[in-house]
Amino acid sequence: MAAHAPTTEAAPAPHPRTPASPGSRRPPRSGRAYRRAPYVYIAPFFLLFGAFGLFPLLYTVYLSFQEYRLGGSSPEFAGFDNYAWLFGSDAFYNSLWKTLTIGIISTVPQLLFALGLAHLLNFNMKVRAFFRISMIVPYATSLVAATLVFGSIFANTAGGLMNVLFGLVGIDAVSWTNGNWTAQIAIAVIVTWHWTGYNALIYLAGMQSIPQDLYEAAAIDGAGRFRQFLHVTIPGLRPTILFTIVLSTIGATQLFTEPFLFGNGAGGGSLGQYQVLTLFMYETGFEVGRLGRAAAIACVTLVIVILLVLLNAGLAQLRTRDRSRPLLPRRTPTPTRKATR
């Protein structure tokens with residue numbers, strides 16, 4: 001029998017491409033349109049920032065070199081006279097010192113309490129959601145209403161709540177608004193009450209981002225709750241702590257509502273015992289009527305805030321760099337070969 005040759009099927013011919021109709025082609029897009037699109041999207045932010053942020057800042061710097069009185073004539077160039085008056089004024093150094101002291105006695109307890117509350121709320125406990133929500137209630141409360149309530153609590157009379165409590169333990173009534181440190185402590189209590197819950201929620205969010213493996217490893221090594229908090233939680237929260245310190249520093253220099261309502265005016269007490277920089281600026285600009293000098297106070301305050309923020313950031317970066325520096329490896333002695341006989 002003759003062997004039949006295998007038959008191979010012919011491959012199908014490629015389908016010819018049909019030319020697209022002129023109407024179905026997309027119009028060419030120019031590269032300039034693509035490059036301009038992101039600027040169009042972000043333009044509203046920069047327009048609003050320029051109108052309500054950058055322009056007032058530049059105009060304040062301009063006014064700081066002018067002699068401008070409230071309700072008077074147009075501004076006249078005065079050079080550095082406003083700054084010379086400012087750095088030669090005892091009231092400026094008093095307000096700067098009061099801003100520093102009130103900022104310290106309100107920021108340090110505030111952040112410590114917030115860190116402790118966040119550490120407690122990070123555990124699995126009953127009605128944890130209720131306590132988390134209650135932390136934000138002081139921050140959501142009107143600051144004016146809270147200051148008025150605390151003003152009645154720290155009243156100078158014997159009927160004030162704090163003086164009533166002092167009377168129960170045999171302590172004489174305290175004149176809170178007339179004293180130097182008593183007024184600052186009362187204002188610091190208001191600030192601490194208002195901002196502790198807000199910072200506690202920030203710390204709590206940072207704690208939940210720390211891996212649980214670190215806690216389990218520390219527990220295996222025999223570390224208790226307190227040692228885990230010191231060696232696991234605190235290092236993991238270092239960026240968050242720096243963030244809250246920067247925010248609290250800025251807030252301390254902008255403190256206005258609490259001392260203004262606590263003392264019923266911008267004088268900061270009869271002797272300026274709690275007159276912070278913002279009250280001093282308000283009194284100079286709107287009560288004395290020297291807007292040029294008030295603008296100089298605002299510019300100096302801005303420089304102080306920038307320096308404090310840079311100082312905090314520099315210290316945190318230096319501490320992080322020291323911790324991340326690798327240790328020098330120990331030199332191991334090279335083994336010597338024994339002489340073969």
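Residues numbered from 1 in each chain as written. Predicted model: local features only at pLDDT ≥ 70, side-chain atom pairs only at ≥ 80, totals over all residues. Heavy atoms only, no water.

Caption draft 1: Up close: the overall build of the protein. The secondary structure content of the protein amounts to 14 helices and two strands. A total of 341 residues make up the protein; the buried ones form 31% of that total. Nonlocal contacts in the protein, meaning residues at least 24 apart in sequence, comprise 64% of its contacts between residues at least 6 apart. Total accessible area on the protein is roughly 23300 Å²; 66% of this is exposed by carbon and sulfur atoms. (Helix = DSSP H or I, 4+ residues; strand = E, 2+ residues; numbered from the N terminus. Buried < 20%, exposed > 50% of the residue type's maximum accessible area, 1.4 Å probe, protein only. Contact = heavy atoms within 4.5 Å. Areas by Shrake-Rupley, 256 points an atom, 1.4 Å probe, with all protein chains shown as cover.)

Caption draft 2: Summary view of the side chain of threonine 253. Position of threonine 253 among the secondary structure elements: in helix α11 (residues 238–253). In contact with threonine 253, other than residues within four places in its own chain, are Thr99, Thr278, Thr301 and Val305.

Caption draft 3: Broad picture of the packing of aromatic side chains. Under the defined criterion, the tally for this structure stands at 23 aromatic pairs. On the basis of an interplanar angle of 35 degrees and a centroid distance of 5.8 Å, the ring pair of tyrosine 59 and tyrosine 62 is categorised as tilted. Here the residue tyrosine 59 and the residue tyrosine 62 both occupy positions in helix α1 (residues 31–63), the gap between them amounting to three residues, near one helical turn. A relative accessible area of 40% means that tyrosine 62 is categorised as partly exposed. Every member of this aromatic cluster is reached through a ring pair, and the members are Phe150, Phe154, Phe166, Trp176 and Trp193. (Phe/Tyr/Trp six-rings, centres within 6.5 Å; stacked < 30°, edge-to-face > 60°.)

Caption draft 4: Main features of helix α3 (residues 90–121). In this model, α3 (32 residues) spans 46 Å end to end at C-alpha, consistent with the 46 Å of a helix rising 1.5 Å per residue. Near the N-terminus of α3, the side chain that reaches the backbone nitrogen of alanine 91, with its oxygen 3.3 Å away, is that of serine 89. (Expected span 1.5 Å × (residues − 1). Polar contact = N/O pair within 3.5 Å; in protein donor to acceptor, adjacent residues only side chain to side chain.)

Caption draft 5: Region of the structure containing the nonpolar core. In this structure, Leu115, Ala118, Tyr203, Met207, Ile210, Val232 and Leu237 are the most contacted members of the largest nonpolar core, which totals 18 residues. Put simply, the parts of the chain that give this core at least two residues each are α3, α8 (180–208), α9 (212–220) and α10 (225–236). Counting residues in each nonpolar core, the second largest holds 16 residues, with Ile102, Phe150, Phe154 and Ile187 among its members. (Core = buried A, V, L, I, M, F, W, Y, C linked by side-chain atoms within 4.5 Å.)

Caption draft 6: Main features of the environment of threonine 284. Turning to its location among the elements, threonine 284 is positioned in helix α13 (residues 277–287). In the structure, threonine 284 is positioned eleven residues away from alanine 295 in sequence and 9.4 Å away in space, judged by C-alpha atoms. Those residues within four positions of threonine 284 in sequence are excluded, and the remaining contacts are Trp85, Gly289, Arg290, Arg293, Ala294 and Ile297.

Caption draft 7: Structural view of the pattern of salt bridges. The full count for this structure, using the stated rule, is two salt bridges. When the shortest N-O distance is used, the salt bridge between arginine 69 and glutamate 67 registers 3.6 Å. By relative accessible area, which is 44% here, arginine 69 ends up partly exposed. Residues glutamate 67 and arginine 290 are paired through a salt bridge, measuring 2.9 Å at the closest nitrogen-oxygen approach. Of this pair, glutamate 67 sits in strand β1 (residues 66–67) while arginine 290 sits in the loop between α13 and α14 (291–324), and the two are 223 residues apart along the sequence. Here arginine 290 falls in the buried class, since its relative accessible area comes to 13%. (Salt bridge = Lys/Arg side-chain N within 4 Å of Asp/Glu carboxyl O.)

Caption draft 8: Fine view of the layout of surface pockets. Considered as a void within the structure, the largest pocket measures approximately 470 Å³ in volume. Contributing to the lining of the largest pocket are 21 residues, with Gly103, Ile104, Thr107, Ile245 and Thr249 lying nearest its centre. Breaking the lining of the largest pocket down by element, the ones donating at least two residues are α3, α11 and α14. Here the lining of the largest pocket takes eleven residues from α3, the largest share from any one element. (1 Å grid on protein atoms, 1.4 Å probe; cavity = no way out; pocket = protein on both sides within 12 Å on 5 of 7 lines; lining within 4 Å. Points joined across faces, edges and corners; volume = space filled by probe spheres on them.)

Caption draft 9: Just the confidence of the model for the protein, in detail. In the predicted model, the protein carries a mean pLDDT of 82, and 83% of its residues have values of at least 70. Summarising per-element confidence for the protein, the mean pLDDT is lowest in helix α4 (residues 128–135) (81) and highest in helix α2 (residues 81–87) (95). Note on residues 1–6: pLDDT is under 50 here. Beyond four places in sequence and across chains, it has zero contacts. Residue range residues 326–341 is modelled with pLDDT below 50. Its contacts to residues more than four positions away, or to other chains, number zero contacts. (pLDDT = per-residue confidence, 0-100.)

Caption draft 10: Local environment of the packing of α8 against α11. Two elements in contact, α8 and α11, have axes separated by 10 Å at closest approach and are oriented at 160 degrees. Classified by the angle between their axes, α8 and α11 sit roughly antiparallel to one another. Considering how the two elements wind past one another, α8 and α11 form a crossing that is right-handed. Along its contact with α8, which presents Asn199, Ile202, Tyr203 and Gly206, the element α11 presents Thr240, Ile241, Phe243, Thr244 and Ser248. Considering only residue class, the contact of α8 with α11 consists of four nonpolar, five polar and no charged. (Axes fitted to C-alpha atoms, helices over the stretch in contact; angles between N-to-C directions. Parallel < 35°, antiparallel > 145°, perpendicular 65-115°, else oblique. Left-handed = near helix turned anticlockwise from the far one by under 90°. Nonpolar A, V, L, I, M, F, W, Y, C, P; charged D, E, K, R; others polar.)

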